[in-house]
Amino acid sequence: MNITEKILSRAAGKKEVHPGEIIEADIDLAMSHDGTSPPTIKTFHNVAQKVWDPEKIVIVFDHNIPANNIGSAEFQKVAKKFAKEQGITNLYTHGEGICHQVLPERGYVKPGKVIVGADSHTCTYGAFGAFATGMGATDLAMVYATGKTWFMVPEAFKVTVNGELGKFVSAKDVVLNVAGEIGSSGATYKSLEFHGKTIDSMHPAGRMTICNMAIEMGAKNGIMEPNKKTLEYLKNIGVTDFEVVQSDKDAVYEKEYSFDVNDLEPQISCPHDVDNVKGISNVKGVSIDQALIGSCTNGRLEDLREAAEVLNGRKVHEDVRLLVIPASANIYKQALKEGLIETFIDAGAIVCNPGCGPCLGAHMGVIGSDEVCVSTTNRNFMGRMGDPESYLYLANPAVVAYSAVLGEISNPQDL
């Protein structure tokens, strides 16, 4: 069996499971945020009075924090009241960060576990060797009530990435390249299992970036065998009670893909589909109005360091607004210690509090009609960041930073 099948078989209490099989699985951890908690809670109250295990539920306020309108404020009131009534103490309401950064950072994510969340990018946690997937509020309500849910065991695609990434080429470029090949629906309800020397050499931050965007190919989950750097990360934050799961050498995959990234240039996802991916040499020169560095995809410390390297001693173009949004408060504090925040402010960037903000068109950076933004976020659908007549390009942090300086999509490798 592959990693996903092994994890799901354990969760279902079976010796083995097979693709297409319907199973009932025990859940190890469930998560909702300020946007999805209220509809989850509403359904929950129709089926149960007490959650199955308050210690296995995490609620994070990140999508509209602080509340940007009355509706958001009311949603947060509902979630806080529910947490208090149910004895849920794993509650993060003070700008601790984006849920997909906060959960791994605080030690909730462990290899071999089954994790569900009412957010599509819950697949991020596959970077730690967990089966992690998003679901709707109704399904999560049943998890909150019973601690169980059903899955159809997915077929798996094996994605092997080999090669050494060049200067200012990062995990974001790897996953955009993969998405361009597989397509936005090419892996629908599949398990994307990543292998190869490039993946093995990555720190958790890059691995999280790749698994985060598995959903952009339609995948049920993205997953990787924990590497040495991941295990060291877990040890450093005090996470030790887990069992690493690995695929059998004779595991069967529906499809196998192979990528060589030795000569990969920065990749750009062009409007209005994530799989509309081109090398930056084919996109250079597009004028921009906004640049955004942040999100659950690329708001980590490594991303901020890369952007600061480009921005150090330079100024943001007078026609561009550059937003920098750390993925968590801990990252924000470390960026302050390292002088990265000062570099951003000196360059003319607007540094915002940790959260999702403009990624979903919520606040702190919504774009208007005919405006163009280049962003490190994960989606560029029509109207995703604001007006339906705006244009959103996706790129790595170095590309976004350099583009902000020149006022047009630019390759930092030209520096």
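Above: the structure in question.
The structure contained in this document is the topic of the report that follows.

Turning our attention to the packing of aromatic side chains. Under the counting rule described, the total for this entry stands at 6 aromatic pairs. When the centroid spacing of 6.2 Å and the interplanar angle of 80° are considered together, the rings of Tyr92 and Tyr108 count as edge-to-face. Separated by 16 residues along the polypeptide, Tyr92 in strand S4 (residues 91-92) and Tyr108 in the loop between helix H4 (99-105) and strand S5 (114-117) bring together distant segments of the chain. Per residue, the accessibility class of Tyr92 equals that of Tyr108, and both read buried. Where Phe131 meets Phe151, the ring centres are 5.2 Å apart and the plane angle is 75°; that geometry is what we call edge-to-face. Of this pair, Phe131 sits in strand S6 (residues 131-134) while Phe151 sits in strand S7 (residues 148-152), placing them 20 residues apart in sequence.

For the rest of this paragraph, the subject is empty space enclosed by the protein. Picture a little ball the size of a water molecule; that probe, rolled over the atoms, points out where space is still empty. The tally for this structure, following the rule as stated, stands at 1 cavity of 30 Å³ or more. Lining the largest cavity we find His272, Ile367, Asn380, Phe381, Met382, Gly383, Arg384, Met385, Ser390, Tyr391 and Leu392. In the lining of the largest cavity, the residues fall into 6 nonpolar, 4 polar and 1 charged.

So, on to unusual backbone geometry. Cis geometry is adopted by the peptide bond preceding Pro66, which originates at Ile65 and carries an omega value of -5°. Within the secondary structure, Pro66 is located in the loop between strand S3 (57-60) and helix H3 (70-86). Here the bond from Pro271 into His272 is cis, since omega is -5°, no more than 30 degrees from zero. Its location among the elements puts His272 in the loop between strand S12 (267-269) and strand S13 (277-279). Although it is not a glycine, Phe168 adopts a positive phi angle of roughly 60°. Take Phe168: it is sitting in the loop between strand S8 (155-162) and helix H6 (171-182). Take Phe168: its relative accessible area is 9%, and that puts it in the buried class. The phi angle at Met364 is positive, at roughly 60°, despite the residue not being glycine. Looking at the secondary structure, you find Met364 in the loop between strand S16 (350-351) and strand S17 (372-375).

In this section: the sheet that holds S5. Strand order in the open sheet formed by 5 strands is S4-S3-S2-S5-S6, with parallel pairing between adjacent strands. Pairing within the sheet leaves two strands with one partner each, and these edge strands are S4 and S6.

What follows deals with the sheet that holds strand S11 (residues 255-260). One open sheet holds the 4 strands; their spatial order is S10-S9-S8-S11, and the pairing between them is parallel. Across the chains shown, the open sheet's two edge strands, defined by having one partner strand only, are strand S10 (221-224) and S11. This sheet shows a mean twist of 20° between the axes of neighbouring strands, independent of strand direction. In this structure, strand S9 (residues 190-195) lies alongside S10, joined through 4 bridges in parallel fashion. Across the sheet, Leu192 pairs through a bridge with Gly222, a residue of S10. Against the sheet, H6 engages S8, S9 and S11, with an angle of about 135° to S11.

Our next topic: the environment of Lys42. Among the structural elements, Lys42 can be located in helix H2 (residues 37-47). On the basis of relative accessibility, which here comes to 63%, the residue Lys42 falls in the exposed class.

Across the two faces of S7 the burial differs, with Thr149 and Phe151 buried and Lys148, Trp150 and Met152 not buried at all. Looking at chain direction, strand S1 (residues 22-26) and S7 are connected through 5 bridges and run antiparallel. Each residue of the ladder has a partner; that of Ala25, found in S7, is Thr149.

Reading the values: the criteria
Residues numbered from 1 in each chain as written. Predicted model: local features only at pLDDT ≥ 70, side-chain atom pairs only at ≥ 80, totals over all residues. Heavy atoms only, no water. Phe/Tyr/Trp six-rings, centres within 6.5 Å; stacked < 30°, edge-to-face > 60°. Helix = DSSP H or I, 4+ residues; strand = E, 2+ residues; numbered from the N terminus. Buried < 20%, exposed > 50% of the residue type's maximum accessible area, 1.4 Å probe, protein only. 1 Å grid on protein atoms, 1.4 Å probe; cavity = no way out; pocket = protein on both sides within 12 Å on 5 of 7 lines; lining within 4 Å. Points joined across faces, edges and corners; volume = space filled by probe spheres on them. Nonpolar A, V, L, I, M, F, W, Y, C, P; charged D, E, K, R; others polar. Pairing = 2+ DSSP bridges. Axes fitted to C-alpha atoms, helices over the stretch in contact; angles between N-to-C directions. Contact = heavy atoms within 4.5 Å.

These figures capture arrangement, not role.
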